[in-house]
Amino acid sequence: RRQRQMCIRDRFLVCVASACFWSGFEQAGSSLNLFARDYTDRLIGTFEIPTTWFQSLNSIFIIVLSPFFAALWINLSKKMISPTYSVKCAFGLIIMASGFLVMFMAAHYAAEGLKVAPYWLVTTYFLHTVGELCLSPVALSAVSKLSPRRYTGQMMGVFVLTYSIGNIIAGLLAGNFDPNNVQEIPTLYLQIALFSIGVGIVLVLMSFKAKIWEKQGLET
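No experiment lies behind these values; they were computed from the predicted model shown.

Cut-offs and rules
- Per chain, the residues get numbers from 1 upward, laid out in the order the sequence is written.
- Only residues with pLDDT of at least 70 get local features here, since the model is predicted, and only at 80 or more are side-chain atom pairs given and counted; chain-wide, interface and lining totals rely on the full set of residues.
- Calculated side-chain values reflect all of the structure's heavy atoms, with hydrogen atoms and water omitted.
- Helix and strand assignments follow DSSP, with helices taken as H or I runs no shorter than four residues and strands as E runs no shorter than two, numbered in order from the N terminus.
- The cut-offs for exposure are 20% and 50% of the maximum accessible area for each residue type, with area from a 1.4 Å probe on protein chains only; residues under the lower value are buried, those over the upper are exposed, and the others partly exposed.
- By definition, residues are in contact when any of their heavy atoms lie within 4.5 Å.
- Residues belong to a common nonpolar core when they are buried Ala, Val, Leu, Ile, Met, Phe, Trp, Tyr or Cys residues joined through side-chain atoms within 4.5 Å.
- We define a salt bridge as a side-chain nitrogen of Lys or Arg found within 4 Å of a carboxyl oxygen belonging to Asp or Glu.
- A fitted line through C-alpha atoms serves as each axis, taken over the contacting stretch for helices, and the angle formed by two N-to-C directions is quoted from 0 to 180°.
- Put simply, a crossing is left-handed when the front helix is turned counterclockwise from the back one by less than a right angle, and right-handed when it is turned clockwise.
- Polar here means any residue outside two lists: the nonpolar Ala, Val, Leu, Ile, Met, Phe, Trp, Tyr, Cys and Pro, and the charged Asp, Glu, Lys and Arg; Gly therefore counts as polar.
- For patch building, the residue pool is restricted to those with more than 30% relative accessible area and no salt bridge; the joining distance is 9 Å between like charges and 5 Å between nonpolar side chains (Val, Leu, Ile, Met, Phe, Trp, Tyr).
- Per-residue and other accessible areas were derived by the Shrake-Rupley procedure at a 1.4 Å probe size, with only the shown protein chains allowed to occlude residues.
- Ring pairs are drawn from Phe, Tyr and Trp, using the six-membered ring of Trp, whenever the two centres fall within 6.5 Å, and their geometry is named by plane angle: stacked under 30 degrees, edge-to-face over 60, tilted for the rest.
- The disulfide criterion is simple: two cysteine sulfur atoms within 2.5 Å.
- The span you would expect from a helix comes to 1.5 Å times its residue count less one.
- Consider a residue and the seven residues that end there alongside the seven that start there; fitting an axis to each set, the bend is the angle between those axes.

Observations concerning the overall build of the protein chain
Argument step 1. In terms of helices and strands, the protein chain carries seven helices and two strands.
Argument step 2. Starting at the N terminus and walking to the C terminus, you meet the elements of the protein chain as α-α-β-β-α-α-α-α-α.
Argument step 3. Every one of the 220 residues in the protein chain was classed for burial, and the buried ones make up 42%.
Argument step 4. In the protein chain, 82% of the contacts between residues at least 6 apart in sequence involve partners at least 24 apart.

The structure is reproduced here in structure tokens:
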């Protein structure tokens, strides 16, 4: 019974982390793309980098970084270091949020009337990809392994709904993005970053607290 409760708790935490993650990650096609169009210096000589090219960075980083992350989890497992699913997802969420801290600083320069260098967006997409590699495959694995075998399909369907929830939140956040009012942009990115970091910290604390409760339960 205790094990079943732990599985339910872990699935819930993973789903919360997933919804929050995608609400920030999916800014790529909206507010971040508008920032690339309006406030990024995309000229290299006489060539202007198309804004759509920045959308390809995530795919490139995934192809390059995936083998390293696969090796990382394997090596950690060999060393008997195995963070819980919720902790791994929380780290992914916090890393993604750090990308918005980068954009917060870039937006401050834009608010001063400057066009920022492309490396601000490149760094942000890199951090978002690292966060995705920490969260997405781990979350899928968690739902698959922690769900009762006969309900695995249904639970995967419920988990996929977190993508939709995240996209809805992303749309609501992007609705507050006014590309013509650059003074509001730093606040928007800071709010996303602080909210995501806060959720990540709560997930870590809940995971550690659950371990304490589990240990106390085994001792009694």
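Some thoughts on the nonpolar core
Argument step 1. Among the nonpolar cores identified, the biggest contains 54 residues, and Phe35, Tyr125, Ile185 and Tyr189 are the most heavily contacted of them.
Argument step 2. Going through the elements one at a time, α1 (2-25), α2 (31-39), α3 (57-78), α4 (85-111), α5 (119-146) and α7 (185-219) are the ones with two or more residues in this core.
Argument step 3. Counting residues per element, this core draws most heavily on α5, at twelve residues.
Argument step 4. Excluding residues within four positions of it along the chain, Tyr189 makes contact with Ser31, Leu32, Phe35, Phe100, Met103, Phe104, Ala107 and Phe177.

Some details on the pattern of salt bridges
Argument step 1. The full count for this structure, using the stated rule, is two salt bridges.
Argument step 2. As a salt-bridge pair, Arg42 and Glu48 come within 3.5 Å of each other at their nearest N and O atoms.
Argument step 3. Taking relative accessible area as the criterion, Arg42 reaches 10% and is therefore assigned buried.

Some words on the packing of α2 against α4
Argument step 1. The N-to-C vectors of α2 and α4 enclose an angle of 35°; their axes lie 12 Å apart at closest approach. By crossing handedness, the relation of α2 to α4 is classed as left-handed. The segment α2 lies against α4, with Leu32, Phe35 and Tyr39 engaging Met103, Ala106, Ala107 and Ala110.
Argument step 2. Tallied by class, residues from the contact of α2 with α4 come to seven nonpolar, no polar and no charged.

Here's the deal with a nonpolar patch on the surface
Argument step 1. Nonpolar side chains collect at one region of the surface, where Ile60, Ile63, Val64 and Phe68 lie side by side and expose about 440 Å² of accessible area between them.
Argument step 2. On the secondary structure map, Ile60 appears in helix α3.
Argument step 3. On the accessibility criterion, Ile60 (47% relative accessible area) is partly exposed.

Thoughts on the side chain of Thr124
Argument step 1. With respect to the helices and strands, the residue Thr124 is situated in helix α5.
Argument step 2. Using a relative accessible area of 0% as the deciding quantity, one classes Thr124 as buried.
Argument step 3. Ignoring anything within four residues of it in the chain, the contact list for Thr124 reads Leu32, Gly99, Val102 and Met103.

Regarding the packing of aromatic side chains
Any aromatic ring pair is given by two values, namely how distant the centres are and how the planes are angled relative to each other.
Argument step 1. Considering all chains together, one arrives at eleven aromatic pairs under this definition.
Argument step 2. Taking the centre distance of 5.6 Å and the plane angle of 45° together, the rings of Phe47 and Trp53 count as tilted.
Argument step 3. Seen in terms of ring centroids, Tyr109 and Trp120 are 5.8 Å apart; in terms of plane orientation they differ by 50°. Their pairing is tilted. Here Tyr109, found in helix α4, pairs with Trp120, found in helix α5; they are eleven residues apart in sequence, far enough to count as distant.
Argument step 4. By relative accessible area, Trp120 is classed as buried at 15%.
Argument step 5. Taken together, the ring pairs connect Phe21, Trp22, Phe25 and Tyr163 into an aromatic cluster.

Looking at the state of the cysteines
Argument step 1. For the structure on display, the rule yields zero disulfides.
Argument step 2. No disulfide involves Cys134; its nearest neighbouring cysteine sulfur is the one of Cys89, lying 9.2 Å away.

Remarks on α3
Argument step 1. Helix length check: α3, at 22 residues, gives a terminal C-alpha distance of 32 Å against a target of 32 Å (1.5 Å per residue), a fit within 8%.
Argument step 2. At Leu65, α3 shows its largest kink, close to 45°, and the proline Pro67 lies no more than four residues downstream.
Argument step 3. Buried residues of α3: Leu57, Asn58, Phe61, Leu65 and Phe69, and no others.
Argument step 4. Just downstream of α3 lies Met80, where phi reads positive at about 60°.

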